[in-house]
Amino acid sequence: GVRELSAAMYRKLSTGQRRRVDLAVALAHRPDMIVLDEPSSGLDTQYLRAFHEILEERRAAMATILIASHEALDVGLADRILWFDQGRIIADCPPSKLVGEKIGDFVGIVKALDDERAATLAAELGQIDGVTRASRDGKHIFYGGETLREPFVAAIERMKVDSYEIRPADASDLLDLMTNATQREGVSP
């Protein structure tokens, strides 16, 4: 996505366009070791997908890729996650292990819910063992084992909530959980 930018002066490009050019320059020689800090920052969805495709191609070619990121899609690419707390590594394992230990196998997401109804739902679901809650971008997210699915659906139907999602947990959910832990406990994702 940088060919159309080749005639423009770098300093006249937008932030997103500069980001694309920077990433293209960094990856142009197809390095075997790639170190990126917040690589998705400033990229719109279209270019983010293309960037992740390029990273997947490099990974398939056995490149080592190290990413420091706060973007869920970047975290979802990981083969291994290092979770830091005050400069110490508190977790060093595959995402699937962290997902299983910290999240469970179920995610329920409620959108467009006022604070009072969100608090009611959180209180009800919070009585179930192993349920964790996070809030991000106006969404209320509940994590837990399979035992959470039925009570979640029942509560949603009883409260007549229109906008919700139920799905299996995956590595991209770790970011929400880590971010929520940071806000509650001072843990750094």
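Residues numbered from 1 in each chain as written. Predicted model: local features only at pLDDT ≥ 70, side-chain atom pairs only at ≥ 80, totals over all residues. Heavy atoms only, no water.

Draft legend 1. Here's a closer look at the overall build of the protein chain. In terms of regular secondary structure, the protein chain is built from 7 helices and 8 strands. Principal axes of the C-alpha set define a box for the protein chain whose edges measure 60 × 35 × 30 Å. Carbon and sulfur atoms make up 50% of the accessible area of the protein chain, which totals about 11300 Å². (Helix = DSSP H or I, 4+ residues; strand = E, 2+ residues; numbered from the N terminus. Areas by Shrake-Rupley, 256 points an atom, 1.4 Å probe, with all protein chains shown as cover.)

Draft legend 2. Structural view of helix α4 (residues 95-103). Among the residues making up α4, those that are buried are P95, L98, V99 and I103. Seen from one end, α4 has its buried residues packed into an arc of 105 degrees, which puts them on one side. Within α4, the exposed residues directed more than 90 degrees away from the buried face are S96 and E101. Phi for G104, located one or two positions after α4, is positive at around 100 degrees. (Buried < 20%, exposed > 50% of the residue type's maximum accessible area, 1.4 Å probe, protein only. Arc of directions from axis to C-beta.)

Draft legend 3. Just the packing of helix α5 (residues 115-125) against helix α6 (residues 149-158), in detail. Two numbers describe how α5 lies on α6: the axes approach to 10 Å, and their chain directions differ by 150 degrees. With respect to α6, the element α5 is oriented roughly antiparallel. At the point where α5 passes α6, the crossing takes the right-handed sense. Only P151, F152, A155, I156 and R158 of α6 make contact with α5, whose side of the interface consists of L121, E124 and L125. (Axes fitted to C-alpha atoms, helices over the stretch in contact; angles between N-to-C directions. Parallel < 35°, antiparallel > 145°, perpendicular 65-115°, else oblique. Left-handed = near helix turned anticlockwise from the far one by under 90°. Contact = heavy atoms within 4.5 Å.)

Draft legend 4. Looking closely at the pattern of salt bridges. This model, assessed by the stated rule, comprises 8 salt bridges. For K97, the salt bridge is made with E101, and the minimal N-O distance between the two is 3.6 Å. Taken together, the positions of K97 and E101, both in helix α4 and 4 residues apart, correspond to about one turn of that helix. K97 gets classed as partly exposed once you look at its relative accessible area, which sits at 45%. The exposed category is assigned to E101, whose relative accessible area is 52%. The salt bridge partner of R158 is E124, with a shortest N-O separation of 2.1 Å. Of this pair, R158 sits in helix α6 while E124 sits in helix α5; the two residues are 34 residues apart in sequence, bridging distant segments of the chain. Residue classification places E124 among the partly exposed positions, given a relative accessible area of 31%. Each of E56, R59 and D79 takes part in a single network of salt bridges with overlapping partners. (Salt bridge = Lys/Arg side-chain N within 4 Å of Asp/Glu carboxyl O.)

Draft legend 5. Broad picture of the side chain of H52. Note that H52 resides in helix α2 (residues 45-60). Overall, H52 belongs to the buried group, its relative accessible area being 10%. Those residues in contact with H52 that sit more than four places away from it in its chain are S40, L73, D74 and L77.

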